[in-house]
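# Coordinates in review
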Amino acid sequence: MYSFVPSSDGYSSDQVKNLTKYLFETNAYDKTLRPATNQISPTDLKVSFYLIGLNKLDELEEKLTTTAFLTLEWKDEFLAWDLSMFPVQKLTVPQDKVWKPDFVLKNGFTEFKELGASFYNVILSADGTVFWKPYQVFESQCSIDVTYFPFDTQTCEIQFTLWSHFRVQVMLSSSSSSVEMLRYKGNSIWDIISTSQSIDNTGGNSEITYTLTLKRKPTFYVSNTVIPILFLGVLNLLVFVIPADAGEKMSYAITVALGFIVFLTIISSELPANSDSTPYLSTYLQIQIFLGGLALVISSIQLRLRHKPEDQPVYAFLQVLVKITHCKKIKKRKMSVDRVKPLDDFKEKGLEKDEENRESDIISWNDVSSAIDFLMFWFYVIIYCISSVVILTIIAN
């Protein structure tokens, strides 16, 4: 960074006035002329970017707002003086009085304007070096990829260019290797995990690009979005724990499905409305909403079957379904001939046993309802566990 070191020998205001008059009146300084005696050789512009704060990354508008200042240094051959004639080491003048490069933010979000303001000053040195330090709040475009929200990492670029000066007139260089972070104050939502800079002097106009790699701090979103969604998924399973005779089964299923829809709306309102990337978390919510709708359909059919007349026989495939859930097996009856029993005892005991077997083999519509609850509960548990583990593993990694 440029440092201002005052001369050990003091100088009077008259000396400063004489020097200012010499540079701008006697020499007839023209700020519209590029400051090079030989107009064929390009002016070397040294640039450094000092980031002070990351104000906001607006995912909805895809806009990055940063507070920073630039240091620009170049040699103005028309603003050099002899220290033996004018013993002034440094001279401060308003920026509008000297030639400045038209160095602008190329990927600005709303406006395209020059750096600095009329009240900014530049510092002149005796050898003709000009030092300019414009401070500004930059609003730049930043493409957002929310695929792994809220564990996402974003890469934003801040691009500067010389708009009307060609490469043969002004060439860019840098006095630093990357973004300067000495004065940076942290952000509560984003961490800056890396920075870089690149200079392109190959095109018609020179460009310099500063790249910020940002990683979201997920604690807030995990506590207020991810964990409630997982708990809602557990509530979705309990639809098949509530008995069909309970009057709240359908209303409970509708309430849980609406809860997922509300969370999907909240997440969608915070993310950019584009089709380039879809968060895995939104996909997970859509899966849960589909399962909630499927639970409503199954519950409706289940209630319809539960209230069928008891004298109406249960369909054969439903009987098989019930026997599977109860782990029942069809056993063949065997007659024992080892002992001879009295005829009356055989008839009496045989009739009782047949009656018990018939009663145990009778399948009611209530059994069908319970079997559906049992099968769908475990089916939903498997789907919930697989989808939750897969989605969370993908977005966390």
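Residues numbered from 1 in each chain as written. Predicted model: local features only at pLDDT ≥ 70, side-chain atom pairs only at ≥ 80, totals over all residues. Heavy atoms only, no water.

### Focus: the packing of aromatic side chains
Taken as a whole and judged by the stated rule, the model has 18 aromatic pairs. For the pair F119 and Y120, a centre-to-centre distance of 4.7 Å together with 90° between the ring planes defines the contact as edge-to-face. You can call F119 exposed: its relative accessible area is 63%. Under the relative-accessibility criterion, Y120 is labelled buried at 16%. With a centroid separation of 6.0 Å and 65° between ring planes, the pair formed by F379 and Y380 is classed as edge-to-face. (Phe/Tyr/Trp six-rings, centres within 6.5 Å; stacked < 30°, edge-to-face > 60°. Buried < 20%, exposed > 50% of the residue type's maximum accessible area, 1.4 Å probe, protein only.)

### Thoughts on empty space enclosed by the protein
Here the structure, examined in full by the defined rule, presents one cavity of 30 Å³ or more. For the lining of the largest cavity, the elements supplying multiple residues, two or more each, are α2 (219–237), α4 (280–306) and α7 (365–396). When the residues that make up the lining of the largest cavity are grouped by side-chain class, the tally is seven nonpolar, one polar and no charged. (1 Å grid on protein atoms, 1.4 Å probe; cavity = no way out; pocket = protein on both sides within 12 Å on 5 of 7 lines; lining within 4 Å. Points joined across faces, edges and corners; volume = space filled by probe spheres on them. Helix = DSSP H or I, 4+ residues; strand = E, 2+ residues; numbered from the N terminus. Nonpolar A, V, L, I, M, F, W, Y, C, P; charged D, E, K, R; others polar.)

### Brief notes about the confidence of the model for the protein
Of the residues in the protein, 87% have a pLDDT of 70 or more, and the chain-wide mean is 83. Ignoring residues within four places in sequence, the model shows residues 1–9, a span with pLDDT below 50, making 13 contacts including any to other chains. Every residue in residues 356–360 scores below 50 in pLDDT, and together they form two contacts with partners more than four places removed in sequence or on other chains. (pLDDT = per-residue confidence, 0-100. Contact = heavy atoms within 4.5 Å.)

### Brief notes about the pairing of strand β11 (residues 207–216)
Of all the 10 residues making up β11, nine are buried; the element is thus mostly covered by neighbouring parts of the structure. With nine bridges connecting them, strand β8 (residues 153–162) and β11 associate as antiparallel partners. Residue Q154 lies in a different strand from β11, and its bridge partner there is L214. Relative to β11, strand β10 (residues 190–200) runs antiparallel, the two being bridged by 10 bridges. Looking across to β11, one finds that D200 is bridged to E207. (Pairing = 2+ DSSP bridges.)

### A closer look at a nonpolar patch on the surface
Residues Y148, I382, I386, V390 and I394 make up a contiguous nonpolar surface patch of about 420 Å² in total accessible area. Position of I382 among the secondary structure elements: in helix α7. (Patch = residues over 30% accessible without salt bridge, like charges linked within 9 Å, V, L, I, M, F, W, Y side chains within 5 Å. Areas by Shrake-Rupley, 256 points an atom, 1.4 Å probe, with all protein chains shown as cover. Salt bridge = Lys/Arg side-chain N within 4 Å of Asp/Glu carboxyl O.)

### A closer look at the pattern of salt bridges
For the structure on display, the rule yields seven salt bridges. Residues E207 and K106 are paired through a salt bridge, measuring 2.4 Å at the closest nitrogen-oxygen approach. Residue E207 is located in strand β11, and its partner K106 is located in the loop between β4 (103–105) and β5 (121–125); the two are separated by 101 residues in the primary sequence. Residue classification places K106 among the partly exposed positions, given a relative accessible area of 37%. Here K217 ties to D191 by a salt bridge, and the two come within 3.5 Å at their closest N and O atoms. Residue K217 is found in the loop between β11 and α2, and its partner D191 is found in strand β10; the two are separated by 26 residues along the sequence.

### A word on the environment of G128
Of note, G128 is situated in the loop between β5 and β6 (129–132). Taking C-alpha positions, G128 is 5.4 Å from K75, a pair spaced 53 residues apart along the chain. The contact partners of G128, leaving out residues within four places of it in the chain, are W74, K75, D76, L79 and A80.

### Things to note about the sheet that holds β4
Pairing is antiparallel across the open sheet formed by four strands, whose spatial order is β4-β8-β11-β10. Looking at the sheet topology across the chains shown, the edges are occupied by β4 and β10. Neighbour-to-neighbour, the strand axes of this sheet turn through a mean angle of 20°, independent of strand direction. (Axes fitted to C-alpha atoms, helices over the stretch in contact; angles between N-to-C directions.)

### Observations concerning the environment of Q136
Mapping Q136 onto the fold places it in strand β7 (residues 135–141). Note: C-alpha distance between Q136 and F69 (67 residues apart in sequence) is 6.0 Å. Each residue touching Q136, except ones within four places of it in the same chain, is listed here: T66, T67, A68, K113, E114, L115 and G116.

### Notes on the side chain of S125
Along the chain, S125 turns up in strand β5. Given the relative accessible area of 7%, S125 is considered buried. A distance of 2.9 Å separates polar atoms of two side chains, one belonging to S125 and the other to K90. (Polar contact = N/O pair within 3.5 Å; in protein donor to acceptor, adjacent residues only side chain to side chain.)

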